[in-house]
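Single-letter residue listing:
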Amino acid sequence: MKIGICSDHAGVEYKAKLISYLLGKGYEVVNFGTDSEDSCDYADFAHPLANAVEKGEVDKGIAICGTGNGMAITLNHHQGIRAGLAWGTEIGRLVKAHNDANVLVMPARFISYRMVVNITRTWLNTEFEGGRHERRIAKIPVK
């Protein structure tokens, strides 16, 4: 599986560690930046990740910023992206099981790196439940 990943300056440390973790688990990883702790704009990295998910260049995406909200808002403006913000493992499970999130977003300033790994592992290992959730997803407008 090929996973695209991005962050802003607030999430760059966790992103670098998570890339190593994912590579160690056998995933292919595409880094969409940033690779610096210098202040930057999350949208500059969220848009390329969203485009890669939309085009099928990566199978799923992960985004990390300070609160997670900026990334999630930006990502969800793209057609075909369902970015889910998670700050705990159960939420990480539910954004996949119920919302079929193809991008996981996490808030670096509010969770530990250990939690980032736990959420990521849970999200990657969860299947979409379908059923009533398919009907709900079908009601999300496509631009």
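Residues numbered from 1 in each chain as written. Predicted model: local features only at pLDDT ≥ 70, side-chain atom pairs only at ≥ 80, totals over all residues. Heavy atoms only, no water.

Here we look at the environment of T126
Here is step 1: Positionally, T126 belongs in the loop between α5 (113–124) and α6 (132–138).
Here is step 2: A sequence separation of 31 residues divides T126 from V95, and the C-alpha atoms of the two residues are 9.3 Å apart.
Here is step 3: Once you skip the residues sitting within four places of it in the chain, T126 turns out to touch R93, K96 and A97.
Here is step 4: Within polar-contact distance, the side chain of T126 engages the backbone oxygen of T122 at 2.6 Å. (Helix = DSSP H or I, 4+ residues; strand = E, 2+ residues; numbered from the N terminus. Contact = heavy atoms within 4.5 Å. Polar contact = N/O pair within 3.5 Å; in protein donor to acceptor, adjacent residues only side chain to side chain.)

Some details on the packing of aromatic side chains
For any pair of aromatic rings, the description consists of the separation of the ring centres together with the inter-plane angle of the planes.
Here is step 1: Throughout the structure, instances matching the rule amount to one aromatic pair.
Here is step 2: Considering the side-chain rings of Y14 and Y113, the 5.9 Å spacing of their centres and the 50° angle between planes classify their relative orientation as tilted. Taken together, the positions of Y14 in helix α1 (residues 12–24) and Y113 in helix α5 put the pair 99 residues apart, joining distant regions of the chain.
Here is step 3: According to the relative accessible area criterion, Y14 is buried, its value standing at 17%.
Here is step 4: The aromatic ring of Y113 is capped on one face by K17, whose charged end is 5.3 Å from the ring centroid.
Here is step 5: Over the face of the ring belonging to W123 we find K60, whose NZ or CZ atom lies 5.3 Å from the ring centre. (Phe/Tyr/Trp six-rings, centres within 6.5 Å; stacked < 30°, edge-to-face > 60°. Buried < 20%, exposed > 50% of the residue type's maximum accessible area, 1.4 Å probe, protein only. Lys NZ or Arg CZ within 6 Å of the ring centre and 35° of its normal.)

Here's the deal with the nonpolar core
Here is step 1: Core analysis: the biggest nonpolar cluster contains 22 residues, and L18, L22, I62, I64, L104, M106 and W123 have the highest contact counts within it.
Here is step 2: Those elements that provide at least two residues to this core are β1 (2–7), α1, β3 (60–65), β5 (103–107) and α5.
Here is step 3: No other element matches the five residues that α5 contributes to this core.
Here is step 4: Residues within four places of L18 in sequence aside, it is in contact with I5, I62, I64, M106, Y113, V116, V117 and T120.
Here is step 5: Listed in part, the 19 residues of the second largest apolar core include C40, L49, L75 and V103. (Core = buried A, V, L, I, M, F, W, Y, C linked by side-chain atoms within 4.5 Å.)

Some words on the pattern of salt bridges
Here is step 1: Tallied over the full model, the rule gives seven salt bridges.
Here is step 2: In this structure, K2 and E28 form a salt bridge, with 3.7 Å as the shortest nitrogen-oxygen distance. Taken as a pair, K2 in strand β1 and E28 in strand β2 (residues 28–31) lie far apart in primary sequence, 26 residues in all.
Here is step 3: Residue E13 pairs with K17 through a salt bridge whose shortest N-O separation is 3.4 Å. Remark: K17 and E13 occur in helix α1; sequence separation between them is four residues, near one turn of the helix.
Here is step 4: Residues joined by salt bridges that share partners form a network here, namely R82, K96 and D100. (Salt bridge = Lys/Arg side-chain N within 4 Å of Asp/Glu carboxyl O.)

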